[in-house]
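Descriptive structure summary
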Amino acid sequence: MSNLLLTKNIGSMSAAVLISRFFGLARDIIFAGFFGASYVADAFNVGYQIPNLLRKLFGEGALSASFIPIYSEVTAKKNRSEQISFALNILSLLTAFLLILTIIGILAAPVIVRIIAPGFSTPAHQLTVQLTRIMFPYLLLIGLSSTLISILNYHDYFFIPGLSSAFLNMGMILSLLLSTSFGAITVEDKVIFLAGGVLIGGILQTMINFPLLAKIGYRVKLSFRLQNKALKDLWTRFLPGVIGLAIREVNLVADIILASFLIPGSIAALQYGNRLMQLPLGIIGISAASAVLPLFSRYVTAKDWNKLSQTLRFTMLTLTYIMVPVTVIIIGLGKDIIRLLFMRGAFDQFALEMSYRALLFYSLGLLFYSLTRTIIPVFFANKDTKTPVKISAIIVATNIVLNVILMQFLQHAGLALASALSAMIHYFVLMRVMKKKIPLISIKSFHRSTFIIISVSLGILIMIRSTSSLFPAQDFFGLLIKIIIYLTLSIFIYYPLTYFLKVEYIGRIKDIVTKKFLSN
């Protein structure tokens, strides 16, 4: 039953994220056509990342990871009214904190940009400061939205919350398309309009969650109760989580700092590659992580270690089954996909080569990014936020060392490869520590299924590489037909072979990939 519920939740979340990622992809296509791999694109990406870095710390990751287990405990021990009161208290305090942080960020933008992108030229620095100040209030909006989504996920609402980021992308797309109509002529003027679209989208993606909250009994009101046991417990778990995420986000900051010293367009190329890699990661990997945390928390509260073990194993094998062939498709068809999506306007051959190299090396860590996002919630559900912090510190140090070494040989692509290698190391360390720290969790080996998945996927890669010359066309429709043919062939090779060779959970995995997409 637990696997059926998990399949339903992952499927619902994945369908919503698929729609959101579609709009995100449309946004990236339009963005690439307007700005290519230029200093303007670099400036926007840095300005947009600054509030997002803080959002991941205070509005999302650590808060959600600490909040959900306590929210689950309040549910089990007290009534719905007390549960809602606890959540409103957290939301009120979060609003006040993020508002103060936003004001500080706007005032300190020149200093922050100088720290994050020290290698920027004067024009790039000045534009980034301006964009940062416009977009900083997005921190408040997305911080609240992320916590609202966590609440709704706990109550098994996944589709509408997962759809919320589609509204952010809509706001950005419309602002960019309408920029010329409002007198934006230069690329600098247009990117400022785009920054305004971030705020419009942020408002929309926050508001979409309110009808569902009302449905489960929430009413919008401020509530500040500092003397609260649940709040104290949250703070105790939240602080190590923030430190852990801060350590982990050092990776992104280090990438930006180092890339700012490389040739102009390096940050944009990393962003294009990362965004494409995030498509499958967001649709399946992040959706799975969002779905398992509430479920894991319930099992830990009930001390049902058997169900927790079964669910974790099922999720990990599902991710392996999906992410390995996706990685192969990216390696084999990545350049064609980038050419199809972005090759127009300001996006030239230079931008193509830069972006593909970033995508290629990022994709090597795709499976491990997904698996770590699934294992970390086990620690959080077990009320252990300190262990992931310690592990993250080791991984960040490893990543920075790899960054400095590999960028000497591969330039910006070295930064992407360092991230992939760090993700792999992170996964193996987490697995080893989890088995030691939580011995009641027992995950039966699925090496045989993994071997089959990798073998069939490599066969598909060989097929793509050996026959790619049969499709020399470089125009839009020629590339589209080529990609569709290879994707279709890959599916018709991969699924029957893995089914015939008896990969575990194959029927349930198929439900995640097909049934829930169709039902939503």
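Because the structure is a prediction, the values reported are computed rather than measured.

The next thing to look at is the overall build of the chain. A tally of regular secondary structure across the chain gives 20 helices and zero strands. Classification of the 520 residues of the chain by burial places 58% in the buried group. In the chain, the share of contacts with a sequence separation of at least 24, taken over all contacts with a separation of at least 6, comes to 86%. Surface summary for the chain: the accessible area is close to 21,500 Å², and the carbon and sulfur share equals 71%.

Here we take up the packing of helix α13 (residues 305-342) against helix α14 (residues 349-363). Running from N to C, α13 and α14 point in directions that differ by 165°, and their axes come no closer than 9 Å. If you check the angle between α13 and α14, you find them roughly antiparallel. Here the hand of the crossing between α13 and α14 comes out right-handed. In this structure, α13 uses Thr-327, Ile-330, Ile-331, Gly-334, Lys-335, Ile-338 and Arg-339 to contact α14, whose residues at the interface are Leu-352, Glu-353, Ser-355, Tyr-356, Leu-359, Leu-360 and Ser-363.

Mapped onto the secondary structure, Thr-498 falls in helix α19 (residues 476-500). Contact partners of Thr-498, with chain neighbours within four places excluded, come to Tyr-321, Ile-452, Val-456, Val-503 and Ile-506.

Once that is clear, we can look at the packing of helix α5 (residues 109-116) against helix α6 (residues 122-135). In a pair of packed helices, the angle between the axes and the distance between the axes together describe the arrangement. Viewed as axis vectors pointing N to C, α5 and α6 meet at an angle of 125°, and their least axial separation amounts to 9 Å. Taken together, the axes of α5 and α6 lie oblique to each other. Classified by chirality, the crossing of α6 by α5 is right-handed. Between α5 and α6, the residues in contact are Ala-109, Pro-110, Val-113 and Arg-114 and His-125, Thr-128, Val-129, Thr-132 and Arg-133, respectively. Looking at the contact of α5 with α6 residue by residue, the class counts come to four nonpolar, three polar and two charged.

So, on to the pattern of salt bridges. When the charged atoms of two side chains with opposite charge come close together, those side chains can pair. Tallied over the full model, the rule gives five salt bridges. We note a salt bridge from Asp-336 to Arg-339, for which the minimum N-O separation is 3.4 Å. One end of the pair, Asp-336, and the other, Arg-339, are both in helix α13, three residues apart, so they sit about a helical turn from each other. According to the relative accessible area criterion, Arg-339 is buried, its value standing at 14%. Asp-336 serves as the salt-bridge partner of Lys-482, at 2.8 Å between the closest nitrogen and oxygen. You can see Lys-482 sitting in helix α19 and its partner Asp-336 sitting in helix α13, a full 146 residues away along the chain. Residues joined by salt bridges that share partners form a network here, namely Arg-27, Asp-28 and Arg-275.

It is worth spelling out the environment of Asp-156 at this point. Relative to the helices and strands, Asp-156 is located in the loop between α7 (138-154) and α8 (159-178). Residue Asp-156 is classed as partly exposed on the basis of its relative accessible area, which comes to 30%.

So, on to α13. Compared with an ideal rise of 1.5 Å per residue, which puts 38 residues at 56 Å, α13 spans 47 Å between its outermost C-alpha atoms and falls more than 12% short. Along α13, the sharpest kink reaches roughly 70°, centred on Leu-333. Most of α13 sits inside the fold, with 32 of its 38 residues counted as buried.

Within the largest apolar cluster, 139 residues are counted, with the highest numbers of intra-cluster contacts made by Phe-44 and Tyr-218. By residue number, the principal contributor to this core is α13, which donates 18 residues. When neighbours within four sequence positions are excluded, Phe-44 is seen to be in contact with Phe-31, Leu-131, Met-135, Met-172, Val-191, Leu-194, Ala-195 and Val-198.

So, on to α5. Among all positions in α5, only Ala-109, Val-113 and Ile-116 are buried. Projected onto a plane normal to the axis of α5, the buried residues spread over an arc of 70° and lie on a single side. Those residues of α5 that are exposed and aimed more than 90 degrees away from the buried face are Val-111 and Ile-115.

Scanning the model with the defined rule gives 17 aromatic pairs in all. Their ring planes at 65° and their centres at 5.0 Å tell us that Tyr-427 and Phe-428 sit as a pair that is edge-to-face. Tyr-427 sits in the buried class, given a relative accessible area of 12%. Look at Phe-471 and Tyr-486: their rings are 5.5 Å apart centre to centre, the planes differ by 65°, and that puts the pair in the edge-to-face class. With Phe-471 in the loop between α18 (447-467) and α19 and Tyr-486 in helix α19, this residue pair connects regions lying 15 residues apart in the sequence. The class of Phe-471 is partly exposed, set by a relative accessible area of 25%. Through a chain of ring-to-ring contacts, three or more aromatic side chains come together here, namely Phe-31, Phe-34, Phe-35, Phe-44, Tyr-48, Tyr-138, Tyr-272, Phe-342 and Phe-347.

Another aspect to go through is unusual backbone geometry. Backbone geometry at Gln-411 places phi at a positive 55°, although glycine is not the residue there. Summarising the element assignment, Gln-411 is placed in the loop between α16 (386-410) and α17 (412-437). In this structure, Lys-502 takes a positive phi of about 65° despite not being glycine. With respect to the helices and strands, Lys-502 occurs in the loop between α19 and α20 (506-519).

This part takes up a positive patch on the surface. Taken together, the side chains of Lys-386, Lys-390, Arg-432, Lys-436 and Lys-437 present a region of like positive charge at the surface. It is α17 that provides the largest number of residues to the positive patch, a total of three residues. With respect to the helices and strands, Lys-436 occurs in helix α17.

Looking at the chain as a whole, the pLDDT averages 81, with 82% of positions reaching at least 70. Across residues 516-520, where pLDDT falls below 50, the model places 15 contacts with residues more than four positions away in sequence or in other chains.

Before going further, it helps to spend a moment on a nonpolar patch on the surface. Together, Leu-174, Leu-177, Leu-178, Phe-182 and Phe-193 make up an exposed nonpolar region whose accessible area comes to about 500 Å². Topologically, Leu-178 is positioned in helix α8.

Within the secondary structure, Leu-270 is located in helix α12 (residues 266-301). Spatially, the C-alpha atoms of Leu-270 and Met-354 are 8.0 Å apart, while their sequence positions differ by 84 residues. Discounting chain neighbours no more than four positions away, the residues touching Leu-270 are Ala-259, Ala-358, Tyr-362, His-412, Leu-415 and Ala-416.

Conventions we followed
Residues numbered from 1 in each chain as written. Predicted model: local features only at pLDDT ≥ 70, side-chain atom pairs only at ≥ 80, totals over all residues. Heavy atoms only, no water. Helix = DSSP H or I, 4+ residues; strand = E, 2+ residues; numbered from the N terminus. Buried < 20%, exposed > 50% of the residue type's maximum accessible area, 1.4 Å probe, protein only. Contact = heavy atoms within 4.5 Å. Areas by Shrake-Rupley, 256 points an atom, 1.4 Å probe, with all protein chains shown as cover. Axes fitted to C-alpha atoms, helices over the stretch in contact; angles between N-to-C directions. Parallel < 35°, antiparallel > 145°, perpendicular 65-115°, else oblique. Left-handed = near helix turned anticlockwise from the far one by under 90°. Nonpolar A, V, L, I, M, F, W, Y, C, P; charged D, E, K, R; others polar. Salt bridge = Lys/Arg side-chain N within 4 Å of Asp/Glu carboxyl O. Expected span 1.5 Å × (residues − 1). Bend = angle between axes of the 7 residues up to and from the residue. Core = buried A, V, L, I, M, F, W, Y, C linked by side-chain atoms within 4.5 Å. Arc of directions from axis to C-beta. Phe/Tyr/Trp six-rings, centres within 6.5 Å; stacked < 30°, edge-to-face > 60°. Patch = residues over 30% accessible without salt bridge, like charges linked within 9 Å, V, L, I, M, F, W, Y side chains within 5 Å. Lys, Arg positive; Asp, Glu negative; His and termini not counted. Charge placed at Lys NZ, Arg CZ, Asp CG, Glu CD. pLDDT = per-residue confidence, 0-100.

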